[in-house]
Amino acid sequence: MKTKVLAIDDSRTIRNLLAATLEEAGFEYHCAVDGREGVDMYDDVAPDVVITDINMPNLDGFGVIEELRGDGINSKVPILVLTTESAPEMKARARDAGATGWITKPFDDQSLIFALKRVTGAVA
Amino acid sequence: MSGSIQDTFFEECEELLEAMDEGLTAIEGGDHDPEVVNAVFRAVHSIKGGAGAFGLDELVAFAHKFETVFDEVRSNKLELDTKLIQLLLRCSDHLADLVTVSRDGGSVDEEHNDVLIAGLEEYLDEEEEDLTFEPMGLGGPSVPLPLAAEEEKSYEIRFRPLKEMFGTGNEPFFLFQALSELGTLEVVLDETELPGFDAMAMDDSYLAWNLTLTTTEPKSAVEAVFEFVEGLCELSIASDKDAEEEAAALAALNAAFGVPGDSAEPETPAPFDAPAPAEATPMATPQATEKVETVKPESNKSEQRGPKPTLRVDLERVDRLINAVGELIINHSMLAQQIANLDVADLRDVETELEGFKNLARDIQEGVMSIRAQPVKPLFQRMARIVREASSATEKTAKLITEGENTEVDKTVIERLSDPLTHILRNAVDHGIEKPEDREAAGKNRTGEIRLSASHRSGSVCIEIKDNGAGINRPRVKQIAIEKGLIPENADLTDAEIDNLLFLPGFSTAKEVSNLSGRGVGMDVVKNAVTALGGRINVSSTPGKGSTFTIILPLTLAVMDGMVVSVADQTMVVPITSIIETMRGSDDMINSLGADGTLLSIRGNFVPICDVAGALGLRKPEGDKPPGVYLLVETETGQRSALAVDDIHDQRQVVIKSLDGVCGNIPGVAAATILGDGKIAMILDSESIIAASPTSATFDSDRRMSNAIAS
């Protein structure tokens, strides 16, 4: 079974970059264009790990984490926050909301895979 | 990274730039809705993010400054006053330039770049200067650097998760797995803290691990594995090389990592961990004195769902489909013709089905055309920039107001309309709009207005550019035309005719060549571009009130409604949009004018007759008397002519086949089409046929005389 990734980002470029890297590395890649769509897709995709942008229309990354960790879904799925906002309090806020880790944009293939490895154990 | 991903990045940039322009224009118009501000911020942010991924440093650096200022606006630390809005607009233009340069190569005006950056920095705190954005920071410490030369070391790691860690989805097992990839790992579970079963709290953490890792990797690589659980565990990492310092290190690390939520930042080597500028230091701006309402408590908009789902398709595929539909329409008319030729008594059923076929073909055609159709909005948005630039270059103030932005036009038309519109708008600012003081003296608002509107008008698209400037200086235009030998000195022209002199080749009113509109191209180039699209352009003007340019374009470039006529035994097609009415003439309606001119009298008005066969050289003008069917057409100057043809056969949709590249420019012929019988028919360009007709030439100069005849 391939490790399933659900990537949520409103930037098509970032989605394409993620898709290229992740598919090449052997992950199963799913994506959503904003937080709301990501949360809506979550049950159907049942991903092993979620990668989400922070600043998005409709529902931002914090909203995604809160909804995924909230009572309704109450998932322990690893959630990686994908963000250029590398300021410590942004990470702290994401973690308080329940994020597992973060990937700083711009990312390279190696650090992306490394981050995924640490939260899913996937050896892609 | 793959080039195609970069291509989509630039594609996305176009969309983001549009969104940004749209937002800024709304902001300029007084809409300071937080969601609008947020949308602009996101656009800039996404451009920066993507640019970073491709190492486009210059773009990243500028976008970063832009974004930072906008972030201040977003968090209401900066107020959107006119000066800031103007700066942001210029920055958005520059950002667009940077994107273009990044894509196509070339260079930007460094000085302009620096001026804008300095302008942006005025709005930023000085401390902000220290926070330089590292474009290629690539994840910083999380990259395990493969330093092969490093000698093997052994690390003693003690890892004790706090209960907070389990709420974040971090799993110790995966961390160990990642560690084991660095070298040889031994894992020993320490369960000494595990209480008796009855004393155990479900959500607490009691387990700890002692790990021994033998690896060539540096300590930072080991720490990187635990990056996500910093502050969520008790962690100590000690290498055998510094065993004597172990105790001290353990104490230090525990102090650093020990308490979750500790505000003291542990000694991570992350390059980004500089203090956040915005939150840390609220800023005072020079503009902070006047209070502007920036927040509207209207959050409903944020509830709006995103755009409708769309499918991105290669344009080539759509064009293939359009060609196929064109063939389908031709095929239908061939089939219809062959069925009509059959010697069958009752064709009613077949004809009913054939009619259905025709309707379906038309539906498909319309559907396919609508795929190519795009709103003129992006085009219009770009034009706002043209007006801004033109205004600042000429030291005038003008603003562009756009209407009917959602009017959809064929993609090719939009692409090819950009240059003509740019030219007209530059002209409007340069020649039309007066200097602010002159406007004031004339009792007008200092800011000139240019209204750019698009609308659908009976099968065609109408684009209007209307300014409220000084209007066309007719005596001057006429004088120039005479000086340049474009019209005879004694020419008696109507106001409309004078206005349209602007479109003559070789006409340019610029007294001195300004760096703006005087670029060696005149309005004739604009006219040619519009004509090439099968459209018409017209200008009207009221002195002191302004001028209006009207461009009428066909909805599609592929199919049109035409009237099938025969001329000297040839079948031809006249575009139906130019035809006002058709009539069968009788001898008493025809009057001679001069040596070879003839006029058609219609309800008391005289209209010059243009013999199509004669104009195309298919029949000598003095040969047979003009045929009996007339198509009354109107030219772009509003002048009417009667095209004389032999007969009218049909009115139908024809597929336009361009003659470009097949043969040169034939006066009088716009394109060709294929008819139901498989024969090729020319599509006539009534404008140029009339221009070539001897009667209209005579008629033009003798109009007053003919009017005298009429009365």
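Keep in mind that what you see is a predicted model, and the values were worked out from it rather than measured.

### Overview of the overall build of chain B
At step 1: Summing up its helical and strand segments, chain B has 21 helices and 22 strands in all.
At step 2: Across the 711 residues of chain B, 45% fall into the buried class.
At step 3: Looking at chain B alone, contacts between residues at least 24 apart form 70% of all its contacts between residues at least 6 apart.
At step 4: Here chain B has roughly 35700 Å² of accessible surface; of this, 51% comes from carbon and sulfur atoms.

### Remarks on the overall build of chain A
At step 1: In terms of regular secondary structure, chain A is built from 5 helices and 5 strands.
At step 2: Split into buried and exposed, the 124 residues of chain A put 70% on the buried side.
At step 3: Summarising the internal contacts of chain A: among those between residues at least 6 apart in sequence, 63% fall at separations of at least 24.
At step 4: Carbon and sulfur atoms provide 45% of the accessible area of chain A, an area that totals close to 4300 Å².

### Remarks on the packing of helix α1 (residues 12-24) of chain A against helix α5 (residues 109-120) of chain A
Residues and elements named next belong to chain A.
At step 1: Between α1 and α5, whose axes approach to 11 Å, the crossing angle comes to 70°. Regarding the angle of α1 to α5, the classification is roughly perpendicular. Every pair of crossing elements has a handedness; the one defined by α1 and α5 is right-handed. Contacts between α1 and α5 involve Leu18, Thr21 and Leu22 from the first element and Asp109, Leu112, Ile113 and Leu116 from the second.
At step 2: Its residues assigned to classes, the contact of α1 with α5 shows 5 nonpolar, 1 polar and 1 charged.

### Description of the confidence of the model for chain B
Residue and element names in this part refer to chain B.
At step 1: When the pLDDT values of chain B are averaged, the result is 75; 78% of them are 70 or greater.
At step 2: Confidence drops under a pLDDT of 50 for residues 127-149, and excluding neighbours within four residues, the segment shows 52 contacts in the predicted structure.
At step 3: Residue range residues 697-711 is modelled with pLDDT below 50. Its contacts to residues more than four positions away, or to other chains, number 20 contacts.

### What about the sheet that holds strand β3 (residues 208-215) of chain B?
Residues and elements named next belong to chain B.
At step 1: Reading across the sheet, the 4 strands line up as β2-β3-β1-β4 and stay open at both edges, with antiparallel pairing between neighbours. Both edges of this open sheet fall to β2 (183-190) and β4 (233-239), since each of them pairs with a single strand only. Adjacent strand axes in the sheet meet at a mean angle of 15° when their direction is disregarded.
At step 2: As paired elements, strand β1 (residues 153-161) and β3 share 7 bridges and run antiparallel to each other. Paired with Ile157 across the strands is Leu211, a residue of β3.

### Focus: the nonpolar core
At step 1: One finds Leu22(A), Phe66(B) and Leu95(B) to be the most contacted residues of the largest nonpolar core, which totals 91 residues.
At step 2: Sorting elements by how many residues they give to this core places helix α4 (residues 82-104) of chain B first, with 11 residues.
At step 3: Sequence-distant contacts of Leu22(A), defined by excluding residues within four places in its chain, comprise Val5(A), Phe27(A), Tyr29(A), Ile51(A), Leu112(A), Ile113(A) and Leu116(A).
At step 4: Listed in part, the 46 residues of the second largest apolar core include Val387(B), Val413(B), Ala454(B) and Met523(B).

### Brief notes about helix α2 (residues 35-45) of chain A
At step 1: The complete set of buried residues in α2(A) reads Gly35(A), Gly38(A), Val39(A), Met41(A), Tyr42(A) and Val45(A).
At step 2: Measuring from the side-chain oxygen of the N-cap residue of α2(A) to the backbone nitrogen of Arg36(A) gives 3.0 Å; that N-cap residue is Asp34(A).

### Observations concerning the packing of aromatic side chains
At step 1: What the rule picks out here adds up to 11 aromatic pairs over all chains.
At step 2: Both rings, one in Phe9(B) and one in Phe10(B), keep their centres 5.2 Å apart while their planes meet at 50°; by these two values the pair is tilted. Considered together, Phe9(B) and Phe10(B) belong to a single accessibility category, that of buried residues.
At step 3: On the basis of an interplanar angle of 85° and a centroid distance of 5.8 Å, the ring pair of Phe159(B) and Phe176(B) is categorised as edge-to-face. Here the residue Phe159(B) occupies a position in strand β1, and Phe176(B) occupies one in helix α6 (residues 172-180), the gap between them amounting to 17 residues.
At step 4: Across the ring face of Phe228(B), the terminal group of Arg118(A) is positioned such that the distance to the ring centre comes to 4.3 Å.

Parameters at a glance
- Residues numbered from 1 in each chain as written.
- Chains lettered and ligands numbered in written order.
- Predicted model: local features only at pLDDT ≥ 70, side-chain atom pairs only at ≥ 80, totals over all residues.
- Heavy atoms only, no water.
- Helix = DSSP H or I, 4+ residues; strand = E, 2+ residues; numbered from the N terminus.
- Buried < 20%, exposed > 50% of the residue type's maximum accessible area, 1.4 Å probe, protein only.
- Contact = heavy atoms within 4.5 Å.
- Areas by Shrake-Rupley, 256 points an atom, 1.4 Å probe, with all protein chains shown as cover.
- Axes fitted to C-alpha atoms, helices over the stretch in contact; angles between N-to-C directions.
- Parallel < 35°, antiparallel > 145°, perpendicular 65-115°, else oblique.
- Left-handed = near helix turned anticlockwise from the far one by under 90°.
- Nonpolar A, V, L, I, M, F, W, Y, C, P; charged D, E, K, R; others polar.
- pLDDT = per-residue confidence, 0-100.
- Pairing = 2+ DSSP bridges.
- Core = buried A, V, L, I, M, F, W, Y, C linked by side-chain atoms within 4.5 Å.
- Polar contact = N/O pair within 3.5 Å; in protein donor to acceptor, adjacent residues only side chain to side chain.
- Phe/Tyr/Trp six-rings, centres within 6.5 Å; stacked < 30°, edge-to-face > 60°.
- Lys NZ or Arg CZ within 6 Å of the ring centre and 35° of its normal.

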